[in-house]
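Here are the chains, one letter per residue:
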Amino acid sequence: MRIPCPHCGLRGHEEFAYLGDATLRRPDPAAPDAERAFAEYAYRRDNPAGRHRELWYHAQGCGTWLVVERDTLTHEIGRVTEAREQGGS
Amino acid sequence: MRYSIFSVLRQALAGNRGWAPAWREPEPKRHYDVVIVGGGGHGLATAYYLARVHGVRNVAVLEKNYVGSGNVGRNTTIIRSNYLLPGNIPFYEWSLKLWEGLEQELNYNAMVSQRGVLNLFHTEAQRDLFVRRGNSMRMHGVDAELLDVAGVRRIAPFLDFDNARFPIRGGLLQARGGTVRHDAVAWGYARAADRLGVDVIQQCEVTGIRVEAGAAVGLETTRGYIGAGRIGLACAGNSSRVAALAGLRLPIESHVLQAFVSEGLKPVIPGVITFGAGHFYVSQSDKGGLVFGGDIDGYNSYAQRGNLPTVEDVCEGGMALMPFLGRVRLLRSWGGIMDMSMDGSPIIDRTPVGRLYLNAGWCYGGFKATPASGWCFAHLLARDEPHAVARAYRLDRFAEGRLVDEKGQGPFPNRH
Amino acid sequence: MSEGSNSVLIPGRTGRADGRAGLLVRECQGLALASLVARRGRVREAAEAARAAFGVALPLVARAAGNERVTFVWAGPGQWLVETSDARGDIEAFLAPALGSLAAICDQSDSRVVIELAGTAVRDVLAKGVPIDLHPRAFGVGDVALTAAHHVGLHLRQVSEEPRYRISVVRSYFGSFRHWLESSAAEFGCEVLAPLGAG
Amino acid sequence: MSGGASTQPRRLASGGAIDRSQPLEFRFDGRTYTGYAGDTLASALVANGVRLLGRSFKYHRPRGLLCAGPEEPNALVELRDGARREPNTRATVVELFGGLEAASQNRWPSLAFDVLAVNRWLGPVFAAGFYYKTFMWPAAFWERLYEPLIRRAAGLGRIATGPDPDGYEKSYAFCDLLVIGAGPAGLAAALTAGRAGLRVLLIDEDFLPGGRLNAERQLLDGRPAREWAAAAVAELGSLPSVRLMRRTTVVGCYDHGVYGALERVHDHRPAPPPFEPRQRLWRIACRHCVLASGAYERPLLFGDNDLPGVMLAGAVRTYANRFAALAGRRAVVFADNDEGAVTAADLVAAGADVVALVDPRTAPGATGVERIAGVVRRAIGGQGLRGVEILAADGSVRRIACDLLAMSGGWSPALQLTAHHGGRPRWDDRLGTFLPGTLPAGMMVAGAANGDFTTEAALAAGVRAALAAAAALGHAAAPVALPSVSPESVGHRPLWEVAGTRGKCFVDFQHDVAVTDIELAEREGYRAAEHMKRYTTLGMATDQGKTASLNGLAVLAARTGRSIAATGTTTFRPPVVPVAIGALAGTHRGRDFRPLRLTAAHAWAVEQGAIFMETGPWLRAQYFPRPGEPTWLESVTREVNATRQAVGVCDVSTLGKIDLQGPDACEFLERLYVNGWRTLAVGRARYGLMLREDGMVMDDGTVSRLGEHRYLITTTTANAVAVFQHMQWCHQVLWPGLDVQFVSVSDQWAQYSVAGPRARELLRAVVAAEHDLSNEAFPYMAAGTLRLRDDTVARLFRISFSGEHAYEIAVPARAGERVVRMLMAAGAPLGVTPYGLEALGAMRIEKGHVAGNELSGQTTAHDLGFGKMLSTKKDYIGAVLARRAALTDPDRPRLVGLAPVGRGDRFGAGAHLVRRGVEPVAAADEGYVTSAAFSPTLGHWIGLGLLRRGPERHGERVVAFDPLRGRRTELEVRDPVFVDPAGERLRV
Ligand SMILES: Cc1cc2nc3c(=O)[nH]c(=O)nc-3n(C[C@H](O)[C@H](O)[C@H](O)COP(=O)(O)OP(=O)(O)OC[C@H]3O[C@@H](n4cnc5c(N)ncnc54)[C@H](O)[C@@H]3O)c2cc1C
Ligand SMILES: NC(=O)c1ccc[n+]([C@@H]2O[C@H](COP(=O)([O-])OP(=O)(O)OC[C@H]3O[C@@H](n4cnc5c(N)ncnc54)[C@H](O)[C@@H]3O)[C@@H](O)[C@H]2O)c1
Ligand SMILES: Cc1cc2nc3c(=O)[nH]c(=O)nc-3n(C[C@H](O)[C@H](O)[C@H](O)COP(=O)(O)O)c2cc1C
Ligand SMILES: [Zn+2]
């Protein structure tokens, strides 16, 4: 696969480290059901067959965490943005 | 017809015209006591043991493609019970015991071949881990042996002992480990289950799970609606998709694992060998091909195919370990989609939906589990209680923190 | 890596011995390096401050920009590797007056080995490990890439048209990198020249 | 000088693309032959009249050449010898070189007389899948008898005997347009794109580009087609943006325009020249691709169609026209398409006696040879073809003597690469074959690969595809003028099977899969195309069914009553042709498997005689043996004692080091670590512990505050990269609002631990005089910057892993070696000793410090005795999930110290802990020994372990059960800190 890093251009996916679902948000640790929410966050996944927003880290490149839209059935890649633009947990 | 040397000879004389289909091609009935989704090794074994052990014979196995089209037909065929954690060892050992009598049980030669599984180590830290594991196995009554370099050399003199980046320091050997002919497992279980009355229904994809009052009552399929007393999901790789039909979200990601086979060669490699410093393991099939593999590609995928860097990584490991492989040619590569669970261990459990049961999360290690998985899942489906050797494989273990994490990698499926 | 000299490349010829060597390598010595990471939201200010103080703005894309005093090599968004032979032993102090409030500055002078590569076969040699399209239509003078060859991370840029490339490699991996480079160049002949900027 | 007709009886007097001025001697099965440059091994054997080349897999039937290209199923040889032996090499793709050695395989004792040929008489027993039905009784016989026998019989060639002596390498290539195949379609595409200035990579697996143009007697613009091809190649060579690679096969199509290709750089030489690889793997990234890979001809299915002398018609033409080698003198042609006539004409032109052209279609044409409407029902012969039995349309049966049967069942596009992304080929009823279906993004198909079976159509399709690619890339391009092509006729009505055959009718030649096997599979319910493939193994041999698959599907379709379209193909997978594993590994082998990291003082350690060990990518000194120390134990004991009694120096440069700055740096630390940082003063260091979000321990290390907003973090060697990535994730993904900046400085600093009661004295001797190192000025856990006597800038941290009064001194990496020598020189009067990882490990165990074996990813802070560090006043990664009941359960195995009751006893890491007097079985398992070492300080073995409720059990005796090493040792459970529990030595 070739991932279009917004900073480095098209690069082989072997330059990146993968971390899965980018739609997860770290729950509020102070919420009363924090333990349950954190367990969901840490362990459960939508794991869709189709469009997937996912985190890739350009480890051998610019060091940016990217949010890549990729189809898990075809591997086709759509939009790629920086994770920091999501504004955090 | 019973299979034996006599039937083979008799048929040979008769031009092989008398053989009957290995299993029927029945039309689905409107309702079954138990419907298993997924005609892979686990689904078929479950149906077989339901019929054979629990006398539940009004059973259907629904397979969206052809029987054995999933991971049971595309894995590297390794069986072993050399696990570390007490949640795992009894289960995999029970599986190995079932493998040991499988052919006679099924009357199908699945070529269970216990030529040994040798895990090499290259550092002292790795050795400590293997010793911990081997001792754990021995305490469970499982065979395990620690080999020093000379011991490894005796088994596999062709490894690179002298010029390696990560020198071999020894190995953990499970002599009872080995390989089994993958396709024959699916076919053998299908035939045996069929003979006990199980309907094996191919080209039948489950597209919906009908839930009424909190309990599953039947399945929408590409061949119509099928009612069910109980439903067991055994659709490795696709578990998340199928469970989602009942509104469940699983602790699973789907990842692709590639496997490789070389051209046919005269025998060289005695059993299974795994390289502890690279991503590579290998055995040689009875047909002569070197069957090998390595790491998963590492990203969510349902595409059943991998990418080139992983191919290279695996072959680099192979060459580093066995420098005579240079001129052996890779014949074919393929991929399978696996349920990578969040702790690298499987799930055999009830679900929050009534009468819906789950068998999932086998990662890259579920082939060896096939008999025990079928055995335990059948037990769960028939008795509605977990089998003793599969006690650890509960769905709530993640939230509770009772993880079965052999590698200590945490909730990062692509690191298990 | 002999005591007394910090030379990591020993001048001489390796690989194919006849004809002109296809790859010419030299170490760039006497450079001070620093990483510069802009504070949150201060990238443009930092770029301007650099222009005001050094006459070169920080490049905001994968490029290098420099003059005789100092070169700023893009090293990721909001990050640069600063190269200078003008730092008088303390590159942090050299940069701090202009940039200290706008960016984190950290001496990296010893963390990398910097080499220059040229020669008729330089692109063919690099192609054996560097997964970057170095064709003149795709990569030109001033372009920068962060990538890896043979599992060793590298920071690469083209410094002149011929082409000549400058590469910095993490010091602890340099031995392996050099070995890869020399064996990749062996079919063309590899000539290590006297270091640049030694003294 | 010339080889001459006498040695090459079947070589034509003239013609062909061979160089008669360069005769080459080679050996096959021990006999010497001569061929020419430009030959393949196969064509040279044809020219020498050698027909018997191999034995089949199962029945050991004699086999000769079927094809002239990579699709060859029969003519597999062992090429070269010893460590260079290449089993299963297709003679058809081996470019001939002088001195070539080849041998037939899978036969014993000889090719002509092969004992296992008896298998053919057992054919009915060895039918598809027979092994699934037998060998089950008695059970124990499988592994002892049946399986070894099967394994001996199976397999084809023999693997090489030693490490591959040749080199391999890999390379990257980039282009706008990748053209795969340099036949008419590919050449036209490359010319069009190349003239338009696109960056074109044209790849062909042959050593002679041109594809079928080299093999046919066609005329292009009135010239032999081969000349047109040569001119096109010459022009491409002159275009600056075009690169033509010969002897290179594109083997796989991967995501996003990545293609893998194998270049056989020097396979056409006895061995590669110095400094050059045997083969090179190309990793190509292209924006567009034109696949112009041509087509494979199909055999016809009739009795004993595998006899040597039965060949594909296209191959017969290739041998005659390209290689000037005549595959037989007396030929019958059997085809269901118009190529039959072309073949007959070519054979006549080559001087063969063509006795009949058999074609089931009823439209005879005038070709000057006898045309029979009908079929060949059976081939006749023993080790080679002697004649054929023909069933004419009128029902008459004739036997005709011949030594060559040229057959053609039509063509199947070489479409594998179109299907590597899962796209299914689609059936084309008009052409009677499968054509490419859904294509991978960026790929177009042209020429015979797309069903354009005439040269004219292939040329035009190549141009069209290139224009489309240029347009998509926004390049202006003009169509190239195409040559006129002599008349072509491609009528075809597929025959699929000859009815009423006698003898075995082979579909997959290499795997000996016959029509009867497919019938059996169907009968037994293996009716899906994939089931049939797996049950019969059709298409699973080294040729991957290139000539067999479609025929097999047609037979299956006929038996099931489904159409071929509904039957569908099996899945195509990379590689297109088998690829040497060495090429896929490239230079990553032996010691170059992975790069090596060396610390700045590596050369010094080598001088000191260090024994090194691999730790991740690093090589680190394990211990420094001295003369008279018989084992490592003596060396390590000396190193520990010297350190504990005087002073030792250890290279700890491999620790991960991260420079953290920014106004929010402290807040960032608060969120990363379990413990608090707000009270850490400038100039002080503190121990820190990090969890993963799931509550398990991730890493530990120290953090030193260097300035108001500047910290230095150290990580363990093993986790350096992971922790940095984790920090990036925390910063960029979780908390981008924090104003922090961090970079790795692991390589900037060489770092040495200076430990022992005389550590301060030693430092005094190297540190510039103005610095005050007294306990008051520089106490335990102090951190600061200073200068050494030689003016080197250094950072000094008063931290200790060994439990001694200790420092870590960091200096810029280039000064590392110098400084370590300085330390050793200055320390000589104090008795300084270098110590390695082994001594470090022993001392940390003596001190009860956890390390890699305890940080297994399976342990919690509570397990390791760090429960009290967990802050309750703040949120941090892992805080919530670490609180789960199962993770804080006191019943969990937790850290203890362990010492043998019999002080002379030894025990090791990995031993399990059970109560005394109970049976050591799984149910009694209470934990295990994580680390163990001989303690020179205490004079006996000690260890750390995780023991159920451990901290409550100090003083209890347990047994370390280690059946793997055959040990059972009684241990006393105790506090993990063996040495200086009060920490007095640290603070002096
Ligand atoms: C390359 C590779 C190598 C491996 N190597 C090993 C090894 O050496 N040793 C080992 O122990 N394990 C190995 N494994 C893992 C092992 O193959 C799997 O864990 C195991 O086969 C999974 O169980 P199964 O056989 O039931 O799965 P499968 O055979 O995948 O069965 C699941 C079935 O469910 C069907 N299905 C899915 N969705 C639906 C639906 N909606 N409706 C109907 N049917 C559906 C699928 O078509 C499939 O046939 C490997 C896996 C791979 C991919
Ligand atoms: N009369 C017929 O029915 C019939 C049928 C098929 C082909 N043909 C003839 O064949 C020609 C078709 O032209 P074309 O250009 O499509 O095909 P071609 O067969 O002439 O050329 C294909 C080329 O692709 C190369 N190739 C194939 N796979 C490759 C791979 N994976 N990597 C690298 N190289 C690869 C081959 O070595 C070959 O040189 C025409 O001359 C046509 O007349 C005729
Ligand atoms: C153990 C094992 C051995 C195999 N041996 C061969 C082989 O000798 N030849 C072959 O073509 N394929 C072989 N395959 C691969 C299959 O052809 C096929 O690729 C695999 O089962 C995946 O199916 P798919 O490619 O149809 O998706 C083997 C597969 C396995 C699991
Ligand atoms: Zn990037």
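Residues numbered from 1 in each chain as written. Chains lettered and ligands numbered in written order. Predicted model: local features only at pLDDT ≥ 70, side-chain atom pairs only at ≥ 80, totals over all residues. Heavy atoms only, no water.

Concerning the side chain of N48 of chain D
Residue and element names in this part refer to chain D.
Okay, so step 1: Counting through the fold element by element, N48 comes out in the loop between α2 (41-47) and β3 (54-55).
Okay, so step 2: Only 2.9 Å separates the side chain of N48 from the backbone oxygen of T34, close enough to count as a polar contact.
Okay, so step 3: Those residues in contact with N48 that lie beyond four places of it in its chain are T7, Q8, P9, F26, Y33 and T34. (Helix = DSSP H or I, 4+ residues; strand = E, 2+ residues; numbered from the N terminus. Polar contact = N/O pair within 3.5 Å; in protein donor to acceptor, adjacent residues only side chain to side chain. Contact = heavy atoms within 4.5 Å.)

Let's talk about the pattern of salt bridges
Okay, so step 1: As enumerated under the stated definition, the model contains 124 salt bridges over all chains in all.
Okay, so step 2: Here E25 of chain B ties to R527 of chain D by a salt bridge, and the two come within 3.1 Å at their closest N and O atoms. Remark: R527 of chain D occurs in the loop between α10 (515-523) and α11 (529-536) and E25 of chain B occurs in the loop between α1 (5-13) and β1 (31-37); the pair is interchain, linking two chains.
Okay, so step 3: R892 of chain D is paired through a salt bridge with D863 of chain D; the nearest N and O atoms lie 2.9 Å apart. On the criterion of sequence distance, the pair formed by R892 of chain D in the loop between α23 (885-888) and β44 (893-900) and D863 of chain D in the loop between α21 (837-846) and α22 (879-882) is long-range, its members being 29 residues apart. Here R892 of chain D and D863 of chain D have matching classes, each one buried.
Okay, so step 4: If you follow the salt bridges from partner to partner, you end up with E263, R327 and R329 of chain B together with R80, R84, E86, D164, D166, D267 and R278 of chain D in one network. (Salt bridge = Lys/Arg side-chain N within 4 Å of Asp/Glu carboxyl O. Buried < 20%, exposed > 50% of the residue type's maximum accessible area, 1.4 Å probe, protein only.)

Observations regarding the domain arrangement of chain D
Residues and elements named next belong to chain D.
Okay, so step 1: If you check the domain split of chain D, you get domain 1 (1-123 + 137-159), domain 2 (168-295 + 414-472), domain 3 (299-409), domain 4 (615-654 + 748-843), domain 5 (656-744) and domain 6 (890-987).
Okay, so step 2: Here domain 1 and domain 3 have C-alpha centroids that lie 24 Å from each other.
Okay, so step 3: Taken together, the contact between domain 1 and domain 3 spans 30 residues of the former and 28 residues of the latter.
Okay, so step 4: Summing both partners gives a buried area of about 2,200 Å² for domain 1 against domain 3, and 53% of it is carried by carbon and sulfur.
Okay, so step 5: In terms of surface lost to domain 3, no three residues of domain 1 exceed R10, R51 and L66, which account for 31% of the buried area on that side.
Okay, so step 6: Taken together, the links from domain 1 to domain 3 amount to four salt bridges.
Okay, so step 7: Residues R61 and D306 are paired through a salt bridge, measuring 2.6 Å at the closest nitrogen-oxygen approach.
Okay, so step 8: Only α2 and β4 (62-63) provide two or more residues apiece to the side of domain 1 that touches domain 3.
Okay, so step 9: Sorting elements by how many residues they give to the side of domain 1 that touches domain 3 places α2 first, with four residues. (Domains from an automatic or database assignment. Buried area = accessible area lost by both parts, 1.4 Å probe.)

Focus on the coordination of the zinc ion (ligand 4)
Residue and element names in this part refer to chain A.
Okay, so step 1: Around the zinc ion (ligand 4), the protein contributes the donor atoms C5 (SG), C8 (SG), H58 (ND1) and C62 (SG), which lie 2.0 to 2.4 Å from the metal centre.
Okay, so step 2: The site at the zinc ion (ligand 4) holds four donor atoms, and with the angles between them running 103 to 119°, its shape is tetrahedral.
Okay, so step 3: Of note, the zinc ion (ligand 4) draws all its donor residues from one chain, in the sequence arrangement C-x2-C-x49-H-x3-C. Highlighted residues: C8 in the loop between β1 (2-5) and β2 (9-12) and H58 in the loop between β4 (51-57) and β5 (65-71), separated in sequence by 50 residues. With respect to class, C8 is no different from H58; both count as buried. (Donors = N, O, S within 2.8 Å, 3.2 Å for Na, K, Ca; no water. Tetrahedral: all angles 85-135°; square planar, octahedral: opposite > 155°, others 65-115°.)

Overview of the site of ligand 1
Residues and elements named next belong to chain B.
Okay, so step 1: As a structural note, the neighbourhood of ligand 1 is formed by 38 residues, with E63, N71, T76, Y364 and K368 the closest of them.
Okay, so step 2: Computed on the free molecule, ligand 1 has an accessible area of 990 Å², of which 97% lies beneath the protein chains in the complex.
Okay, so step 3: It is strand β12 (residues 252-264) that provides the largest number of residues to the shell around ligand 1, a total of three residues.
Okay, so step 4: Residue composition of the shell around ligand 1, by class: 17 nonpolar, 16 polar and five charged. (Near = heavy atom within 4 Å. Areas by Shrake-Rupley, 256 points an atom, 1.4 Å probe, with all protein chains shown as cover. Nonpolar A, V, L, I, M, F, W, Y, C, P; charged D, E, K, R; others polar.)

Here's the deal with a nonpolar patch on the surface
Okay, so step 1: A cluster of nonpolar side chains, I5, F6 and L9 of chain B, forms an exposed patch at the surface whose accessible area comes to about 290 Å².
Okay, so step 2: Residue L9 of chain B is classed as partly exposed on the basis of its relative accessible area, which comes to 40%. (Patch = residues over 30% accessible without salt bridge, like charges linked within 9 Å, V, L, I, M, F, W, Y side chains within 5 Å.)

Topic: helix α2 (residues 41-54) of chain B
Residue and element names in this part refer to chain B.
Okay, so step 1: The end-to-end C-alpha distance of α2, which contains 14 residues, comes to 19 Å, matching closely the 20 Å that a straight helix rising 1.5 Å per residue would cover.
Okay, so step 2: With 12 of 14 residues buried, α2 is to be regarded as a mostly interior element.
Okay, so step 3: Burial in α2 covers these residues: G41, H42, G43, L44, A45, T46, A47, Y48, Y49, L50, A51 and H54.
Okay, so step 4: G55 sits one or two residues past α2 and shows a positive phi near 65°. (Expected span 1.5 Å × (residues − 1).)

Some remarks on the site of ligand 3
Okay, so step 1: Around ligand 3, 18 residues are found, and the nearest of them are G73, K287 and R332 of chain B together with Q544 and R573 of chain D.
Okay, so step 2: Taken together, the residues near ligand 3 originate from chains B and D.
Okay, so step 3: At 3.4 Å from an oxygen atom of ligand 3 is found a side-chain nitrogen or oxygen belonging to T571 of chain D.
Okay, so step 4: In the environment of ligand 3, an oxygen atom lies 2.7 Å from a nitrogen or oxygen atom belonging to the side chain of R573 of chain D.

Describing the interface of chain D and chain B
Okay, so step 1: Contact residues are listed per partner, giving 116 residues for chain D and 119 residues for chain B.
Okay, so step 2: Between chain D and chain B lies a buried interface of about 9,900 Å² when both sides are counted; carbon and sulfur atoms form 54% of it.
Okay, so step 3: The interface formed by chain D and chain B holds 14 salt bridges in total.
Okay, so step 4: Remark: the boundary between chain D and chain B carries 69 residue pairs in polar contact (both at pLDDT 80 or more).
Okay, so step 5: When residues of the side of chain D that touches chain B are assigned to their parent elements, the largest contribution, seven residues, is made by helix α3 (residues 141-153) of chain D.
Okay, so step 6: Here the side of chain D that touches chain B is built from residues that sort into 53 nonpolar, 29 polar and 34 charged.
Okay, so step 7: Inspection of the sheet shows strand β16 (residues 329-341) of chain B paired to strand β30 (residues 579-580) of chain D by two bridges, in the antiparallel sense. Pairing of L330 of chain B across the sheet is with V579 of chain D, part of β30 of chain D. (Pairing = 2+ DSSP bridges.)

Observations regarding the pairing of strand β6 (residues 79-84) of chain C
Residue and element names in this part refer to chain C.
Okay, so step 1: Where burial is concerned, most of β6 is hidden: six out of the six residues are buried.
Okay, so step 2: Burial along β6 is two-sided: the residues Q79, L81 and E83 and W80, V82 and T84 are all buried.
Okay, so step 3: By the bridge criterion, six bridges tie strand β3 (residues 32-38) to β6 in an arrangement that is antiparallel. For L36, the partnering residue across the bridge sits in β6 and is W80.
Okay, so step 4: Taken together, the five bridges between strand β5 (residues 70-74) and β6 define a ladder with antiparallel strand orientation. Among the inter-strand pairings, W74 is bridged to a residue of β6, identified as W80.
Okay, so step 5: In this structure, the hairpin formed by β5 and β6 is closed by a connection of four residues, where G76 is found at a positive phi of approximately 120°.

Describing the nonpolar core
Residues and elements named next belong to chain B.
Okay, so step 1: By size, the foremost hydrophobic cluster in this structure holds 98 residues, and its most contacted members are Y49, F91, W99, Y108, W187, Y189 and I348.
Okay, so step 2: Per-element accounting of this core gives the leading share, eight residues, to helix α7 (residues 182-195).
Okay, so step 3: Each residue touching Y189, except ones within four places of it in the same chain, is listed here: L44, A45, Y48, Y49, L102, L106, T370 and P371. (Core = buried A, V, L, I, M, F, W, Y, C linked by side-chain atoms within 4.5 Å.)

Examining the interface of chain B and chain A
Okay, so step 1: With 27 residues of chain B in contact, the opposing surface of chain A contributes 24 residues.
Okay, so step 2: Summed over both partners, the interface of chain B with chain A buries about 2,300 Å², with 51% contributed by carbon and sulfur atoms.
Okay, so step 3: Among the residues of chain B in contact with chain A, R249, Y299 and N300 of chain B are the three that bury the most area, contributing 30% of the side total.
Okay, so step 4: Connecting chain B to chain A are three salt bridges.
Okay, so step 5: A salt bridge links R249 of chain B to D46 of chain A, with the nearest nitrogen and oxygen atoms 2.6 Å apart.
Okay, so step 6: The interface formed by chain B and chain A holds 16 residue pairs in polar contact (both at pLDDT 80 or more) in total.
Okay, so step 7: Those elements that place two or more of their residues in the side of chain B that touches chain A are α8 (239-244), β12, β15 (289-300) and α11 (397-400) of chain B.
Okay, so step 8: With four residues, the top contributor of residues to the side of chain B that touches chain A is β12 of chain B.
Okay, so step 9: Of the residues assigned to the side of chain B that touches chain A, the class counts are 14 nonpolar, eight polar and five charged.

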